[in-house]
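# Examining the three-dimensional arrangement
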Amino acid sequence: MDRKVDILAIGAHPDDVELAAGGTIIKSVQQGKKVAIVDLTQGELGSRGTIETRYDEAATAAKIMGVIHRENLKMADGFFEATEENLLKLITAIRKYQPEIVLANAPEDRHPDHGRGSQLISRACFLSGLLKIETESDGEKQKHWRPKVVYFYIQDRYLKPDFVVDVTEQRDLKFDAILAYKTQFYQENMSGPKTPISGQEFLDSLEGRLIQYGRDIGVKYGEGFITERPVGINDITKFL
């Protein structure tokens with residue numbers, strides 16, 4: 001089965017990609033790009049909700065964003081490491097979707113899973129291109145595949161971006177996708193323990209970050225990314 005996509009967004013937890021790169025994903029889909037999402041863990045250590053609700057919420061968010069595939073590798077939330085087993089799981093997913101671009105967790109962040117996820121994703125993208133690493137999917141041997149670039153989205157902790165995507169027109173759909181996680185983020189009359197992300201102030205901080213990065217490029221809302229290596233361009237006159 002041909003599952004090749006243009007962009008593969010990978011997150012340590014369900015909701016990572018929506019929070020940090022949801023607008024970019026939506027914009028890419030609107031531009032005709034094929035996008036898939038891989039979640040490394042089920043977010044089972046989250047203080048609110050259950051594994052089951054996270055799957056339902058993630059599926060709803062994916063539909064809102066227009067991604068064509070979403071899967072969960074079921075690594076251990078809070079405890080996953082760059083073991084051979086986990087690397088092979090991710091290599092298999094990368095080879096399945098054959099993305100040109102991979103979006104990955106922030107290199108460092110408040111949640112330690114994000115930095116570890118970032119390193120794991122970067123390493124798996126490199127290893128996925130090695131001929132002598134053998135993997136199978138759906139009973140068939142996979143071909144080696146290395147994405148052209150890895151871009152790291154910026155999460156809770158401020159990091160200076162290497163480039164910013166204008167997501168002004170995608171802002172509302174981005175928040176629709178975030179709020180699909182009804183057990184995680186602020187809703188009127190919600191129940192459950194208070195967490196660092198469950199209050200209205202967290203949503204306000206997301207809005208502020210979008211405005212901050214948008215201001216850097218002269219638009220209303222933006223999402224920032226960090227590059228793994230310098231990005232080559234053909235025309236220096238192509239800018240906003």
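Residues numbered from 1 in each chain as written. Predicted model: local features only at pLDDT ≥ 70, side-chain atom pairs only at ≥ 80, totals over all residues. Heavy atoms only, no water.

A separate point is the overall build of the protein. Counting its regular elements, the protein contains six helices and nine strands. Reported as C-alpha extents along the three principal axes, the dimensions of the protein are approximately 50 × 50 × 30 Å. When the 240 residues of the protein are sorted by exposure, 50% land in the buried category. Here the contacts in the protein between residues at least 6 apart in sequence split such that 80% fall between residues at least 24 apart. Accessible surface, the protein: about 12,400 Å² in total, of which carbon and sulfur atoms supply 52%. (Helix = DSSP H or I, 4+ residues; strand = E, 2+ residues; numbered from the N terminus. Buried < 20%, exposed > 50% of the residue type's maximum accessible area, 1.4 Å probe, protein only. Contact = heavy atoms within 4.5 Å. Areas by Shrake-Rupley, 256 points an atom, 1.4 Å probe, with all protein chains shown as cover.)

Looking now at the sheet that holds strand 7 (residues 149–153). Taken in spatial order, the seven strands line up as 3-2-1-4-7-9-8 in an open sheet, and their pairing is mixed. Two strands in the sheet have a free side with no partner beyond their single neighbour: strand 3 (69–75) and strand 8 (163–166). Looking at each pair of strands side by side, their axes are set apart by 25° on average, direction ignored. For strand 2 (residues 35–41) and strand 3, the ladder comprises five bridges, and the chain directions are parallel. Along strand 3, the bridge assignment pairs alanine 36 with histidine 69. (Pairing = 2+ DSSP bridges. Axes fitted to C-alpha atoms, helices over the stretch in contact; angles between N-to-C directions.)

The next thing to look at is a nonpolar patch on the surface. Together, Val231, Ile233 and Ile236 make up an exposed nonpolar region whose accessible area comes to about 330 Å². Note that valine 231 resides in the segment after strand 9 (222–227). (Patch = residues over 30% accessible without salt bridge, like charges linked within 9 Å, V, L, I, M, F, W, Y side chains within 5 Å. Salt bridge = Lys/Arg side-chain N within 4 Å of Asp/Glu carboxyl O.)

Moving on, we come to the nonpolar core. Core analysis: the biggest nonpolar cluster contains 33 residues, and Ile25 and Leu103 have the highest contact counts within it. The set of elements that each furnish at least two residues to this core consists of strand 1 (7–11), helix 1 (16–30), strand 2, helix 2 (51–65), strand 7, helix 5 (171–178) and helix 6 (200–216). It is helix 1 that contributes the most residues to this core, six residues altogether. Leucine 103 has contacts with Ile7, Leu8, Ala9, Ile10, Ala21, Ile25, Tyr151, Tyr153 and Phe225, leaving out every residue within four places of it along the chain. (Core = buried A, V, L, I, M, F, W, Y, C linked by side-chain atoms within 4.5 Å.)

Moving on: helix 1. Taking 1.5 Å per residue, 15 residues should reach 21 Å; helix 1 reaches 20 Å between its end C-alpha atoms and fits that length. Of all the bends in helix 1, the largest measures some 75° and sits at glycine 22. Of all the 15 residues making up helix 1, 12 are buried; the element is thus mostly covered by neighbouring parts of the structure. Within the sequence span of helix 1, burial applies to Asp16, Val17, Glu18, Leu19, Ala20, Ala21, Gly22, Gly23, Thr24, Ile25, Ile26 and Ser28. The positive-phi residue at the C-terminal boundary of helix 1 is glycine 32, with phi of around 95°. (Expected span 1.5 Å × (residues − 1). Bend = angle between axes of the 7 residues up to and from the residue.)

This paragraph deals with the packing of aromatic side chains. The relative placement of two aromatic rings is captured by the distance of their centres and the angle of their planes. By the definition in use, this model includes five aromatic pairs. With centroids separated by 5.3 Å and ring planes inclined at 15°, the aromatic side chains of phenylalanine 163 and phenylalanine 225 adopt a geometry described as stacked. With phenylalanine 163 in strand 8 and phenylalanine 225 in strand 9, this residue pair connects regions lying 62 residues apart in the sequence. By relative accessible area, which is 27% here, phenylalanine 163 ends up partly exposed. With a centroid separation of 6.4 Å and an interplanar angle of 80°, the aromatic rings of tyrosine 181 and phenylalanine 185 are classed as edge-to-face. The pair tyrosine 181 / phenylalanine 185 is uniform in exposure class, with both members buried. (Phe/Tyr/Trp six-rings, centres within 6.5 Å; stacked < 30°, edge-to-face > 60°.)

Taken as a whole and assessed by the stated rule, the structure comprises 15 salt bridges. Between arginine 70 and glutamate 18 there is a salt bridge; the shortest N-O distance is 2.7 Å. Here glutamate 18 lies in helix 1 and arginine 70 lies in strand 3, a separation of 52 residues in the sequence. When its relative accessible area of 22% is taken as the criterion, arginine 70 is described as partly exposed. Glutamate 18 gets classed as buried once you look at its relative accessible area, which sits at 0%.

This part is about helix 6. For helix 6, built from 17 residues, the straight-helix expectation of 24 Å at 1.5 Å per residue is met to within 8% by its first-to-last C-alpha distance of 25 Å. Among the residues of helix 6, Phe202, Leu203, Leu206, Glu207, Arg209, Leu210, Tyr213 and Gly214 are the ones counted as buried. All buried residues of helix 6 lie within an arc of 155° about the axis, which places them on one face of the element. Projecting away from the buried face of helix 6 at angles above 90 degrees are the exposed residues Arg215 and Asp216. (Arc of directions from axis to C-beta.)

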